[in-house]
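Here is how the chains run, residue by residue.
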Amino acid sequence: MKRKAKTKTDDRWHKRETKKNSNMLMNRRILTIYTKELTELLRDRRTLIAMIVVPIALYPLLIIGSVHLLSVQDGERKTEKMTIGIQYDPEYPEDKQPAVRHLQRQLRTARNIIHDNLDDEPDNVVSNGLISIERMEIVVVNDVEQAVALGACHVGVVFQTDDEQEDHPAQQRVIIKYDKAELRSESAASRLRDVFDTLSRNLTKEILIQQNLPFWILDPIHVSAENVATPQKVGGMLLGSIVPLVLVLMTITGAIYPAIDLTAGERERGTLETLIVCPVPPVELMTGKYLVVATVAMMGAALNLISMGATLHFGGFTKMISASGDTELPLEVLPVILIVLIPFAMLFSAIMVAVCSYARTFKEAQNYIMPVILAALIPGGVAAMPGTELSGINAYVPVMNMVLLAREMLLGHFELLTITKVMLSTCVYAGSAVMVASHVFSTEAAIFADSASLKASFSRRFMQPTTLPTSTLALITTAILFPVWMFVQFSIQPTADQSALHTFQMTAWLMPLALVLVPVMLLAYFKVQIVSALGLSGAKPRYIVAAILIGLGGWIPAHELFALQNTISPVPKAILESNNTLMSAFENQGLWVPLLLIAVIPAVCEELFFRGFLLSGLRKSTKKWTAIIIVACVFAIFHIILIKFVITAVLGIVLGYLCWQSRSIFPSILAHMLHNGIAVSIAFVPSIAERMGLDRLAPTDHLPGHIIAIGTAMVIAGIAIAKSDRAEVT
Amino acid sequence: MPIIRANQLRKSFPTPNGTLKHAVDGVSFEIEAGTIYGLLGPNGAGKTTTLRMLGGLIAPTSGEAIIDGHNVGENPFAVKHSIGFLTANTGLYQRLSPREILQYFARLYGLAPERIKNRVDHLIDWLDMHSFADLRCGALSTGQKQRTSIARALVGDPIVLIMDEPTLGLDVLSNRIILDFIRREHDHGKTIILSTHYLDEAETICDRIGLMHGGKLMAEGTMQELQALSGEEKLSAIFLKLFGEAQGEDENGRPLA
């Protein structure tokens, strides 16, 4: 007996050792491929140029260039000497003031007045009026309009004679002629106008003083605008317009060359077949290559950041781009931005590798890359426009969220919640893209770039009926459905016109469409048996018992977990209150309405999608716990409200476990439905809450000890029942 | 005991008009250990596809291939460990040196780190690659590249060598390197399967020959067996005769009565 037990342990030890060994071998092979590809890539002059020279040269050129150009243009326009044309009128009587002298005198007066007023009332003076006057040159021309049109002078001035102003004898009339198509003419006109305005105001002031009237009646309302933005913000705003976009696009472009070189380039040079001959699984080849592309993209991003930071810091351009002159680029955010860029670089590396894998030649790969770049440019461009904010759906749109996040960080914002949103959604996309890329790379079509077999992998005719969806199908569907679902959720949020009840009703309508109909149609197209794929076969009674225990008791640990989370990092009151407003939607409705809209429909739809479709997709290719945890996290991200992320994810893990063990969707639907149903009942039926002593219990309060004990015991019992499958042979 | 056994191998590809094309259509043969087997046939006969299936590069649509006791379809990696695969267009990494390439492939074949250096040095010695072992492959001559490719195929010390059109488009000198190499490996007891459409070449080095056309193996045997089967002396004549029979024509291309 004893000996037998020992053999068993030995066996298990041996098995573990072999597994460890094969894992080690796999890691060693991936490392070998990684090292070799990186060495080869770095020996290529083109990589070095794309990766090092371009970013180092780009930022100084881009930033110095644009800032310099702007300041030079601006400065020129302000300090440039301007020429004013005056009409020469031979019939104008010599003894009456000649036009030229008239204007000269006017201008001199204006200057004197401005000088006089400078000390006591600088706000009332056009600040650059002084410079303007000193930089004005007066020329006499025959035809003012013609002279302006021909560019002989920037502006022309016509004084109207006394005869024409009989009805307003005291008023001087001045007409400024300018060419609106000429930037300089227009700015000269506005400067001259300022001069005359100041002159006019001062004349009025004199008159008012003569009449003993207070001269503030000139300006019953005095308006002046003051900039309250911190210098950092002003600089950041300017940094925020181009730098994040360039940074994100450079990270994407950093992946292009290695992705092409390592896939299509390798095929074009005939080395891919050589590599396939080796006893290395394609997935390992792909992983090694993919990691090289991701590394180069990251190195590119890092060099871009360093180059950008150095240009701004040492070039003294932080002063130029800021209004007050003492802005510092927040250098400490650069490493944080780099960390945020990691999943992003992984996402685009995977997309590039997957796309290029189908190309036979370098040129063909470049053609495939173009649409990807264009697709990235559009959300990137929208994000770079002023006014686009990192909120709502924008936090989930790929590229856009990264550009906006980089901008926010350069502005000095560090909202952990927003960073989490962007990082998590990017991770979802990156994960899907990596899975797709690995699938693409292991198909024969990708290895031999055979267009016929490529077609076969998409054409329904050649598909074999299967029982489970592929991980690729499940993950791509999730990755596409995720932003769509986010968009739907944001567009049906309660507004002034739409009640919260409407939101719940719309969700209940749309959920079966998005989460059930879409996967069912896809499964049907790809000839996947729907009953087995969604786990629609019956479950053993044991699992139903487990589901009932978990479903009935689950809300208690969930509530406690939330209360615990609240003590660690308190949830903002506003969020809790907005939750209450949502709940008030069901006032005057029977209990069945919230039960149906919150418990039944979401439980069925969410389970069919997450534990049915997505978990089935991962069942074949992923390890048990990895699959359950991935699905639970995606499930939690789909719930938008990030403060409930932990709880939703834990709930997802329990439901996923239940489904994995029972190989049926029904236990998890039941548990989910009971869990939500109890929460709804407690919230809407006061008598239930009272009987349990839970009336007026805030979501952040702790439950009585005995209830916690009962609830936890129920869940543990449920899990234990679901776990005990020794008798079964699967 | 045959070391390679192909049983009703078939590979089908979909065509653009929606039908299936059988690139290889039910090919069966056996190869004894230590012999040289030649697959002959015109372009598009299915030779490359057959060899790729044997090498575990692509999975057969139906049928099976067993090499050294391993089923290729079920365990391609075990098979890949025991074979060396050399193709005419086997590319080399331009930016690596022959030594680096050999080290790389030795690692991929799972050789123990301490064995890698010995194996690589041995191959460089054996194929007389000292003069160019540390230059980048981009700078090598065709013959030098050819020797590097051979060394690369041998790095895992395979018991079976699969060579797809090894002499395609080579000059006389490089051609001789390859043929010498095949003979030497044969003398060392290795099993070699190669495809070619140079009939004379096959006649001189192969122990057994399989004639392929249109995805099917038309005839198979030693030179003597094939001569007896067709009544012709030269391999080219044998091929045309058998090809004609398959098409229902005599050796002058006229339809048979």
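This is a predicted model, so every value here is computed, not measured.

Peer 1: I'm lost on the overall build of chain A in this one. Help?
Peer 2: For chain A, the count of helices and strands is 28 helices and four strands. Out of the 730 residues in chain A, the part that is buried amounts to 45%. Considering only residue pairs separated by 6 or more positions, chain A has 77% of its internal contacts joining residues 24 or more positions apart. Put simply, chain A shows about 37,200 Å² of open surface, and 63% of that area lies on carbon and sulfur atoms.

Peer 1: I'm lost on the sheet that holds strand β5 (residues 70-71) of chain B in this one. Help?
Peer 2: Note: strands within a sheet are paired through backbone hydrogen bonds, in either parallel or antiparallel orientation. All names here are of chain B. The four strands lie next to each other as β2-β1-β4-β5, forming an open sheet whose pairing is antiparallel. Two strands bound the open sheet, and with one partner strand each, they are β2 (20-32) and β5. Here strand β1 (residues 2-14) runs beside β2; their pairing, made up of 10 bridges, is antiparallel. Looking at β2, one finds that K11 is bridged to V24. Across the sheet, helix α1 (residues 47-54) is in contact with β1, β2 and β4 (62-67); its angle to β1 comes to roughly 120 degrees.

Peer 1: How do you make sense of the pairing of β4(B) when you look at a structure like this?
Peer 2: The side chains of a regular strand alternate, residue by residue, between the two faces of the sheet. Residues and elements named next belong to chain B. By the bridge criterion, five bridges tie β1 to β4 in an arrangement that is antiparallel. Within β4, the position partnered with R5 by the bridge is I66. Across two bridges, the pairing between β4 and β5 is antiparallel. By the bridge assignment for β5, I66 is matched with N71. What sits between β4 and β5 in their antiparallel hairpin is a turn of two residues, with D68 showing a positive phi close to 50 degrees.

Peer 1: Help me understand the nonpolar core in this model?
Peer 2: Note that soluble globular proteins tend to have their nonpolar side chains buried in a common cluster. Grouped together as the largest cluster of nonpolar side chains are 134 residues, with contacts concentrated most on I337(A), F348(A) and M352(A). Aside from chain neighbours lying at most four places away, what touches M352(A) is I252(A), A255(A), I256(A), A259(A), I369(A), V372(A) and I373(A). Formed by 84 residues, the second largest nonpolar core is a distinct cluster that contains V72(B), Y93(B), F132(B) and L235(B).

Peer 1: For this particular structure, what's the right way to read unusual backbone geometry?
Peer 2: Among all residues except glycine, the phi angle is most often negative; among peptide bonds, the trans geometry is most common. Of note in the backbone geometry, K527(A) takes a positive phi value of approximately 55 degrees without being a glycine. Note that K527(A) resides in the loop between α18 (500-525) and α19 (530-533). Within the chain, Q8(B) stands out as a residue other than glycine whose phi angle is a positive 50 degrees. Within the fold, Q8(B) resides in strand β1.

Peer 1: How do you make sense of the interface of chain B and chain A when you look at a structure like this?
Peer 2: Accessible area lost upon the coming together of the parts is a frequently used measure of interface size. Taken together, the 36 residues of chain B in the interface contact 32 residues of chain A. Together chain B and chain A conceal approximately 3,200 Å² of surface at their shared face, both sides included; 60% is due to carbon and sulfur atoms. When the buried area of chain B at its contact with chain A is split by residue, Y93(B), R95(B) and L108(B) rank highest and sum to 24% of it. One can count three salt bridges joining chain B with chain A. The residue E100(B) makes a salt bridge to R43(A) at a minimum N-O spacing of 2.6 Å. Our count for the contact surface shared by chain B and chain A stands at eight residue pairs in polar contact (both at pLDDT 80 or more). Sorting the residues of the side of chain B that touches chain A by element identifies β1, α2 (76-82), β6 (83-87) and α3 (98-108) of chain B as the ones contributing at least two each. The element contributing the most residues to the side of chain B that touches chain A is α3(B), with five residues. Residue composition of the side of chain B that touches chain A, by class: 18 nonpolar, 10 polar and eight charged.

Peer 1: Please clarify how the sheet that holds strand β9 (residues 208-213) of chain B should be interpreted in this entry.
Peer 2: All names here are of chain B. If you trace the six strands from one edge of the open sheet to the other, you get β6-β7-β8-β3-β9-β10, paired in mixed fashion. Looking at which strands have only one partner, the edges of the open sheet turn out to be β6 and β10 (216-221). Across this sheet, the average inter-strand angle for adjacent strands is 15 degrees, counted without regard to direction.

Peer 1: What's the story with helix α4 (residues 113-126) of chain B in this structure? I'm lost.
Peer 2: Each full turn of the α-helix corresponds to 3.6 residues, which orients residues three or four apart in the same direction. Residue and element names in this part refer to chain B. Relative to the 20 Å expected for 14 residues at 1.5 Å per residue, α4 spans 20 Å between its end C-alpha atoms, a close match to the ideal helical length. Of the residues making up α4, those classed as buried are I116, R119, V120, L123 and I124. On an axial view of α4, the arc spanned by its buried residues comes to 130 degrees, and they lie on one face. When the buried face of α4 is taken as reference, the exposed residues oriented beyond 90 degrees from it are E114, K117, N118 and D125. Of the surrounding elements, those touching the buried residues of α4 are α3 and α5 (142-154). One or two steps after α4, the chain reaches D128, where phi turns positive at roughly 55 degrees.

Peer 1: What's the story with the packing of aromatic side chains in this structure? I'm lost.
Peer 2: Remark: the centre distance and the inter-plane angle together describe each pair of aromatic rings, the angle taken between the planes. For the coordinates displayed, the defined rule picks out 15 aromatic pairs over all chains. Between Y525(A) and F526(A), the aromatic rings sit 5.1 Å apart at their centres with planes inclined by 85 degrees, giving edge-to-face as the arrangement. The partly exposed category is assigned to F526(A), whose relative accessible area is 26%. For the pair F610(A) and F638(A), a centre-to-centre distance of 5.2 Å together with 80 degrees between the ring planes defines the contact as edge-to-face. With a gap of 28 residues between them, F610(A) in helix α23 (residues 592-619) and F638(A) in the loop between α24 (624-637) and α25 (645-662) connect regions that are remote in the sequence. On the accessibility criterion, F638(A) (5% relative accessible area) is buried. Ring pairing ties together the aromatic residues Y396(A), Y429(A), F482(A), F609(A), F610(A), F613(A), F635(A) and F638(A), which thus form one cluster. One cation-aromatic arrangement involves R152(B) over F105(B); the distance from NZ or CZ to the ring centre is 5.4 Å.

Peer 1: Would you explain the packing of helix α11 (residues 333-356) of chain A against helix α12 (residues 362-384) of chain A in this entry?
Peer 2: Pairs of packed helices are described in terms of their axes, by the angle between the two and the distance that separates them. All names here are of chain A. The geometry of α11 relative to α12 is characterised by a closest axis approach of 9 Å and an angle of 145 degrees between their N-to-C directions. In this structure, α11 crosses over α12, and the sense of that crossing is right-handed. Contacts between α11 and α12 pair F348, I351, M352, V355 and C356 from the former with A365, Y368, I369, V372, I373 and A376 from the latter. Taken together, the residues that form the contact of α11 with α12 break down as 11 nonpolar, no polar and no charged.

Scoring rules and cut-offs
- Residues numbered from 1 in each chain as written.
- Chains lettered and ligands numbered in written order.
- Predicted model: local features only at pLDDT ≥ 70, side-chain atom pairs only at ≥ 80, totals over all residues.
- Heavy atoms only, no water.
- Helix = DSSP H or I, 4+ residues; strand = E, 2+ residues; numbered from the N terminus.
- Buried < 20%, exposed > 50% of the residue type's maximum accessible area, 1.4 Å probe, protein only.
- Contact = heavy atoms within 4.5 Å.
- Areas by Shrake-Rupley, 256 points an atom, 1.4 Å probe, with all protein chains shown as cover.
- Pairing = 2+ DSSP bridges.
- Axes fitted to C-alpha atoms, helices over the stretch in contact; angles between N-to-C directions.
- Core = buried A, V, L, I, M, F, W, Y, C linked by side-chain atoms within 4.5 Å.
- Buried area = accessible area lost by both parts, 1.4 Å probe.
- Salt bridge = Lys/Arg side-chain N within 4 Å of Asp/Glu carboxyl O.
- Polar contact = N/O pair within 3.5 Å; in protein donor to acceptor, adjacent residues only side chain to side chain.
- Nonpolar A, V, L, I, M, F, W, Y, C, P; charged D, E, K, R; others polar.
- Expected span 1.5 Å × (residues − 1).
- Arc of directions from axis to C-beta.
- Phe/Tyr/Trp six-rings, centres within 6.5 Å; stacked < 30°, edge-to-face > 60°.
- Lys NZ or Arg CZ within 6 Å of the ring centre and 35° of its normal.
- Left-handed = near helix turned anticlockwise from the far one by under 90°.

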